[in-house]
Amino acid sequence: MKIIDAHIHFSKSSALAQAALYSSGVDYSRKGYVQEAEACQVVHSVCMGLAQSEVLGNIADPAQENPMLVDLDEDLPPSISICMGINPYTLHKEGLDRMERIIQSRSDIAGIKIYAGYYHVLVTDPLYAPAYDLAEKHNLTVAIHSGDTYAESGLLKYSQPLEVDQLAVERRNINFLICHIGTPWIFDAAEVAFKNRNVFLDISGLLVGDRAYAERMGAAELLVDRYRSALVYLDTYEKILYGSDWPLVPMAPYIDFCKKLIPPEFHEQVFYQNALELYRIKEK
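Residues numbered from 1 in each chain as written. Predicted model: local features only at pLDDT ≥ 70, side-chain atom pairs only at ≥ 80, totals over all residues. Heavy atoms only, no water.

*Asks:* Would you explain the side chain of histidine 44 in this entry?
*Replies:* Among the secondary structure elements, histidine 44 is positioned in strand E2 (residues 42-48). Side-chain polar atoms of histidine 44 contact the backbone oxygen of serine 79, separated by 3.3 Å. Within polar-contact distance, the side chain of histidine 44 engages the side chain of serine 81 at 2.7 Å. Excluding residues within four positions of it along the chain, histidine 44 makes contact with Ile3, Ile4, Asp5, Tyr33, Pro78, Ser79, Ile80, Ser81 and Ile281. (Helix = DSSP H or I, 4+ residues; strand = E, 2+ residues; numbered from the N terminus. Polar contact = N/O pair within 3.5 Å; in protein donor to acceptor, adjacent residues only side chain to side chain. Contact = heavy atoms within 4.5 Å.)

*Asks:* Honestly, the side chain of histidine 9 in this entry has me stumped. Any pointers?
*Replies:* Mapped onto the elements, histidine 9 comes out in the loop between strand E1 (3-8) and helix H1 (14-24). Beyond its immediate chain neighbours, meaning those up to four positions away, histidine 9 contacts Leu16, Tyr28, Cys47, Met48, Lys113, Tyr115, Asp245, Trp246 and Pro247.

*Asks:* I would appreciate a short explanation of the pattern of salt bridges in the present structure.
*Replies:* Opposite charge on two side chains permits them to pair, given that their charged atoms come into close proximity. Within this structure, the stated rule accounts for 11 salt bridges. Its salt-bridge partner being arginine 30, residue aspartate 75 comes within 3.3 Å of it at the nearest N-O pair. With aspartate 75 in the loop between E2 and strand E3 (80-86) and arginine 30 in helix H2 (residues 30-40), this residue pair connects regions lying 45 residues apart in the sequence. Given a relative accessible area of 24%, arginine 30 falls into the partly exposed group. With a closest N to O distance of 2.6 Å, aspartate 97 and lysine 93 form a salt bridge. (Salt bridge = Lys/Arg side-chain N within 4 Å of Asp/Glu carboxyl O. Buried < 20%, exposed > 50% of the residue type's maximum accessible area, 1.4 Å probe, protein only.)

*Asks:* In this structure, what is going on with the packing of helix H3 (residues 93-105) against helix H4 (residues 129-137)? I would like to understand it.
*Replies:* As a packed pair, H3 and H4 sit with axes 11 Å apart at the nearest point and diverge in direction by 20°. Between H3 and H4, the angle is such that the two are roughly parallel. Seen from above, H3 lies across H4 with right-handed handedness. Contact residues: H3 offers Leu96, Met99, Glu100 and Ile103, while H4 offers Pro130, Ala131, Leu134 and Lys137. Residues of the contact of H3 with H4, tallied by class, amount to six nonpolar, no polar and two charged. (Axes fitted to C-alpha atoms, helices over the stretch in contact; angles between N-to-C directions. Parallel < 35°, antiparallel > 145°, perpendicular 65-115°, else oblique. Left-handed = near helix turned anticlockwise from the far one by under 90°. Nonpolar A, V, L, I, M, F, W, Y, C, P; charged D, E, K, R; others polar.)

*Asks:* It is not clear to me how the packing of helix H7 (residues 211-218) against helix H9 (residues 251-259) should be interpreted in this structure. Could you clarify?
*Replies:* When two helices pack together, their arrangement is given by the angle between the helix axes and the distance between those axes. Their axes nearest at 9 Å, the elements H7 and H9 cross at an angle of 10°. If you check the angle between H7 and H9, you find them roughly parallel. Contacts between H7 and H9 involve Arg211, Ala214, Met217 and Gly218 on the former and, on the latter, Ala252, Pro253 and Phe257. Of the residues in the contact of H7 with H9, the class split is five nonpolar, one polar and one charged.

*Asks:* In this structure, what is going on with helix H8 (residues 221-234)? I would like to understand it.
*Replies:* In an α-helix, one full turn covers 3.6 residues, which means residues spaced three or four apart are oriented alike. When the terminal C-alpha atoms of H8 are compared, their 20 Å separation across 14 residues agrees well with the 20 Å that a helix rising 1.5 Å per residue should span. Within H8, burial applies to Val224, Tyr227, Ala230, Leu231 and Leu234. Along the axis of H8, the buried residues cluster in a sector spanning 130°; they form a single face. Away from its buried face by more than 90 degrees, H8 exposes Leu222 and Val232. Looking at the buried side of H8, the elements it contacts are helix H6 (186-195), strand E7 (199-202), H7, strand E8 (240-241) and H9. Looking one or two residues beyond H8, the residue adopting positive phi is aspartate 235, at roughly 70°. (Expected span 1.5 Å × (residues − 1). Arc of directions from axis to C-beta.)

What is shown is where atoms sit, not what they do.
Given below as structure tokens:
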């Protein structure tokens, strides 16, 4: 089965590098990505743009200029699209003009990424308005981090999925993707997607760890059923996108875990078709 991974990272961020080294054990490099992707039939991935102007313990860099793209390796695999990362504190005209030029000149821009919780700004804050205007103008999906933050310096009150409800109502012409199903507020995220025609969910980052951990969690029926219940409540698999959050977890065991959450008859839709359509990825 062909798979589109709708949520990966490919950044020099020290937090991601340390996670790969000490937690997931993956080879966090171009070579490592290509090897895992080929082994798992991952034919395309959507990478969340992230950059840091200095080495930080937190993922969010308040000094980083916009947009944040991908900087782990200049030789980016051709099977990757990018959601441009946004820093709300430096979202000025120069950065917006740069974003516009990139959108117009590159074919690999799939959307915009908001790091809610990592940046201590509500997704409805006027600071983000110019980025949303740009997304609407160019018909770009806006992916929003939601739920638990990987860094302790994140603040959960800024990453609760219910905040996306107001945004979706005010910005009906934009498609919003709640990342990580808002874990642990998965029923809140499911309700926001159920209520709003322009809200979708990805199932990335539900596990962070190595193969042994992912397999152990996959055997934990209480955990699996909890996620299944939220997705059943949503009552449609047209709004769910598979994503891994690589390099926080190896691809193969995470795919196996997510297959347990989705009925087999919807695997092709969740693991491939929905991302193809939402991110307007061109098949090759």
